[in-house]
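As a plain string of letters, each chain reads:
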Amino acid sequence: MRSPSTSSSDVSAASTDPAARARPGGNVRWVICALLFFATTINYIDRQVIGILKPTLQADLGWSEVDYGMIVFWFQAAYAIGLLACGPIIDRVGSKLGYAAAITVWSLAAMVHALVRSPGGFAMARFALGLGEAANFPAAIKSVAEWFPKKERALAAGILNAGANVGAIATPIVVPMIALNYGWRAAFLITGLLGFVWLAAWLAFYRAPASHPRVSPQELAYITADQDNDAGAAPIAWTQLFRRRATWAFVVAKFLTDPVWYLFLFWLPDFFAKRHGLDLKTFGPPLIAVYLLADVGSIGGGWLSSALIKRGFSVNAGRKLALLASAVLVTPIVFASSVSSLSAAVAIIGLAAAAHQGWSSNLYTMVSDTFPRTSIASVMGIGGAAGAVGGMIMARYVGQVLETVGSYVPVFLWAGSAYLVALLLVHLLVPRLETSATTG
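Analysis parameters
Residues numbered from 1 in each chain as written. Predicted model: local features only at pLDDT ≥ 70, side-chain atom pairs only at ≥ 80, totals over all residues. Heavy atoms only, no water. Helix = DSSP H or I, 4+ residues; strand = E, 2+ residues; numbered from the N terminus. Rg over C-alpha atoms; globule rule 2.2 N^0.38 Å. Buried < 20%, exposed > 50% of the residue type's maximum accessible area, 1.4 Å probe, protein only. Contact = heavy atoms within 4.5 Å. Areas by Shrake-Rupley, 256 points an atom, 1.4 Å probe, with all protein chains shown as cover. Lys, Arg positive; Asp, Glu negative; His and termini not counted. Charge placed at Lys NZ, Arg CZ, Asp CG, Glu CD. 1 Å grid on protein atoms, 1.4 Å probe; cavity = no way out; pocket = protein on both sides within 12 Å on 5 of 7 lines; lining within 4 Å. Points joined across faces, edges and corners; volume = space filled by probe spheres on them. Nonpolar A, V, L, I, M, F, W, Y, C, P; charged D, E, K, R; others polar. Expected span 1.5 Å × (residues − 1). Bend = angle between axes of the 7 residues up to and from the residue. Core = buried A, V, L, I, M, F, W, Y, C linked by side-chain atoms within 4.5 Å. Phe/Tyr/Trp six-rings, centres within 6.5 Å; stacked < 30°, edge-to-face > 60°. Lys NZ or Arg CZ within 6 Å of the ring centre and 35° of its normal. Patch = residues over 30% accessible without salt bridge, like charges linked within 9 Å, V, L, I, M, F, W, Y side chains within 5 Å. Salt bridge = Lys/Arg side-chain N within 4 Å of Asp/Glu carboxyl O. Axes fitted to C-alpha atoms, helices over the stretch in contact; angles between N-to-C directions. Parallel < 35°, antiparallel > 145°, perpendicular 65-115°, else oblique.

Engineer: What is the right way to read the overall build of the protein chain from this model?
Structural biologist: Scanning the protein chain from terminus to terminus reveals 18 helices and zero strands. For the protein chain, the C-alpha radius of gyration of 21 Å lies close to 22 Å, the compact-globule estimate for 440 residues. Dimensions along the principal axes, computed over C-alpha positions, put the protein chain at roughly 65 × 45 × 40 Å. Across the 440 residues that make up the protein chain, the buried fraction comes to 58%. For the protein chain, the share of sequence-separated contacts (at least 6 apart) that also reach a separation of at least 24 residues comes to 86%. Carbon and sulfur atoms make up 69% of the accessible area of the protein chain, which totals about 15900 Å². The protein chain carries 31 positive and 21 negative side-chain charges, and their two centres are separated by 3 Å.

Here is the structure:
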């Protein structure tokens, strides 16, 4: 029930007052952003545990490189299926219920890993994990579109996306400590329980802005000041989304660049082990350094386009300049496997990880720039599915390369060129980012 200070007449008055519309008038939206940040952190902890434990599991359970590649493949397959299914569902049931169901599924699946031993058993557990985790970004970006004006969306998306890096930082700290003291099964059980802690906070606090008891009329007016008037519009038919060039721009970009991030998540510990002789006790600091840099890139990339737009650049120019900067900063990764110094390898890979996260912050926001809020989760799901399919191809490719060539050089050569190619295709498909009401 809304408090007397936020009656409908007050909201109406605030929304028509230009001075009120220019003032935030509260920070509830940033509390929502913090919840999205922590959900993404937990999502990536659960996702990355297997990458941290890869050398241990291979030694304990006798997996080959192909076995591990297949386990990652089935996670990516489920992630693709889940993204296609969850987008329309979230657009219909809303972020609150959609997010709650998703984190319940993926947390249970994360804990099931402790009960299996065979590659097939892990593949089944990863499949269930992928189905649940698929809903994270569609639900999160939909929430950002509901809670933030356009000029703040890229920054908010960058902050929640930084949760992926915090999760990736926390995992090599927490998981080795648990595994070394209590065994690898305990690592899956304990990290899986984190989702239920977040679930309680989400159900207790989340509401739509207009019905949230803590949102002032001024903050509500600020949130809706530059949003398109599409809150009550029906979702665009799923088949119609595929007729829009903006959909295909997002699909192509995700297909080409998401696999690079999956490479970091699932193979970076193995790269440090093979190339620089690190193990469960020693590869924590290099991984932490990489993902700290990625955190800077996530927030910095979102800040860059938001700052450009606030300084008078168009949404089209602001987003694409930030994407271009990110794409260029990834390219040095082609040298990551050639340098002999561990610190140089960490710096090169960390720069690429930062650039990827800056790229993602703006790519996600591009969806909310070009589609109505009622269809954002669906478009995010379609694009995310394309990225997961790219990840499936990458998993098989990397597994085969390591089994036959035994080197990461071909893998990093591919990763260094993916973003520039993706940006070129995005610009050809959508020369100008337009408002959600007019984009075709």
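Engineer: Help me out: how do you make sense of empty space enclosed by the protein in this one?
Structural biologist: If you roll a probe as big as a water molecule over the atoms, it shows you where there is empty space left. Under the definition given, this model contains two cavities of 30 Å³ or more. Taken as a whole, the largest cavity holds about 150 Å³ of empty space. The wall of the largest cavity is formed by 17 residues, among which Y44, F137, K254, D258 and Y364 lie closest to the centre. Looking at the lining of the largest cavity, the elements with two or more residues in it are α3 (28-52), α5 (65-93), α9 (150-182), α13 (245-276), α16 (342-370) and α17 (376-404). Class assignment for the residues of the lining of the largest cavity results in nine nonpolar, five polar and three charged.

Engineer: Just to check I follow, could you spell out helix α18 (residues 409-429) for this structure?
Structural biologist: Residues that lie three or four places apart on an α-helix share one face, since the helix turns once every 3.6 residues. Along its 21 residues, α18 runs 31 Å from first to last C-alpha, staying within 8% of the 30 Å computed at 1.5 Å per residue. When the local axis directions of α18 are compared, the greatest deviation, roughly 30°, occurs at A418. Residues of α18 that are buried in the fold lie against α13, α15 (315-330), α16 and α17.

Engineer: Would you take a moment to explain the nonpolar core for this structure?
Structural biologist: Across soluble globular proteins, nonpolar side chains show a tendency to be buried alongside one another. Core analysis: the largest hydrophobic core is formed by 136 residues, its most contacted members being F122, F264, W267, F272 and Y291. Looking at this core element by element, the count peaks at 16 residues for α13. Discounting residues that sit within four places of it in the chain, F122 has contacts with I50, L57, L61, W63, I71, H113, V116, R117, W184 and F188.

Engineer: Can you walk me through the packing of aromatic side chains in this structure?
Structural biologist: Centre-to-centre distance and the angle between the planes together describe a pair of aromatic rings. Applying the stated criterion across every chain yields a total of 27 aromatic pairs. The ring of Y44 carries the charged tip of R47 above its face, separated from the ring centre by 4.3 Å. A cation over a ring is seen here: K54 above Y68, with NZ or CZ 5.0 Å from the ring centre.

Engineer: Sorry, what's going on with a nonpolar patch on the surface here?
Structural biologist: Among the surface-exposed residues, F313, L321, L324, V328 and L420 lie close enough to one another that they form a single nonpolar patch of about 390 Å² accessible area. At three residues, α15 tops the list of elements feeding residues into the nonpolar patch. On the secondary structure map, L324 appears in helix α15.

Engineer: Would you take a moment to explain the environment of R185 for this structure?
Structural biologist: With respect to the element layout, R185 can be found in helix α10 (residues 184-205). Here R185 is in contact with A114, L115, V116 and R117, once residues within four sequence places are set aside.

Engineer: Explain the pattern of salt bridges to me, please; I cannot follow it from the model alone.
Structural biologist: Charged atoms that come close allow side chains of opposite charge to pair. Within this structure, the stated rule accounts for seven salt bridges. Here D270 makes a salt bridge to K54, at a shortest N to O gap of 3.0 Å. Here D270, found in helix α13, pairs with K54, found in helix α4 (residues 54-61); they are 216 residues apart in sequence, far enough to count as distant. The salt bridge involving D258 is made with K254; its shortest N-O contact spans 3.1 Å. Here D258 and its partner K254 are both found in helix α13, four residues apart, which amounts to about one turn of the helix. Accessibility expressed as a relative area gives 5% for K254, which makes it buried.

Engineer: Can you help me understand the environment of A388 in this one?
Structural biologist: Checked against the element boundaries, A388 lands in helix α17. Since its relative accessible area comes to 0%, A388 is described here as buried. As a C-alpha pair, A388 and Y262 span 126 residues in sequence and 8.9 Å in three-dimensional space. Ignoring anything within four residues of it in the chain, the contact list for A388 reads Q76, Y79, A80 and Y262.

Engineer: Where do I start with α3 in this structure?
Structural biologist: With 25 residues, α3 ought to run about 36 Å at 1.5 Å a step, and its terminal C-alpha atoms sit 36 Å apart, in line with that. Residue D46 marks the point of greatest curvature in α3, where the axis turns by about 30°. Of all 25 residues making up α3, 21 are buried, and the element is well covered by its neighbours.

Engineer: What is the right way to look at the packing of α9 against helix α14 (residues 284-310) in this model?
Structural biologist: When two helices pack together, you describe them by how their axes are tilted relative to each other and by the distance separating the axes. Two elements in contact, α9 and α14, have axes separated by 8 Å at closest approach and are oriented at 180°. When the interaxial angle is binned, α9 and α14 end up roughly antiparallel. Of the residues that constitute the contact of α9 with α14, the class distribution is 16 nonpolar, eight polar and three charged.

Engineer: Teacher, can you tell me more about the side chain of T257 here?
Structural biologist: By secondary structure assignment, the location of T257 is in helix α13. The exposure class assigned to T257 is buried, which follows from its relative accessible area of 1%. Those residues in contact with T257 that sit more than four places away from it in its chain are H356, W359, A418, Y419 and A422.

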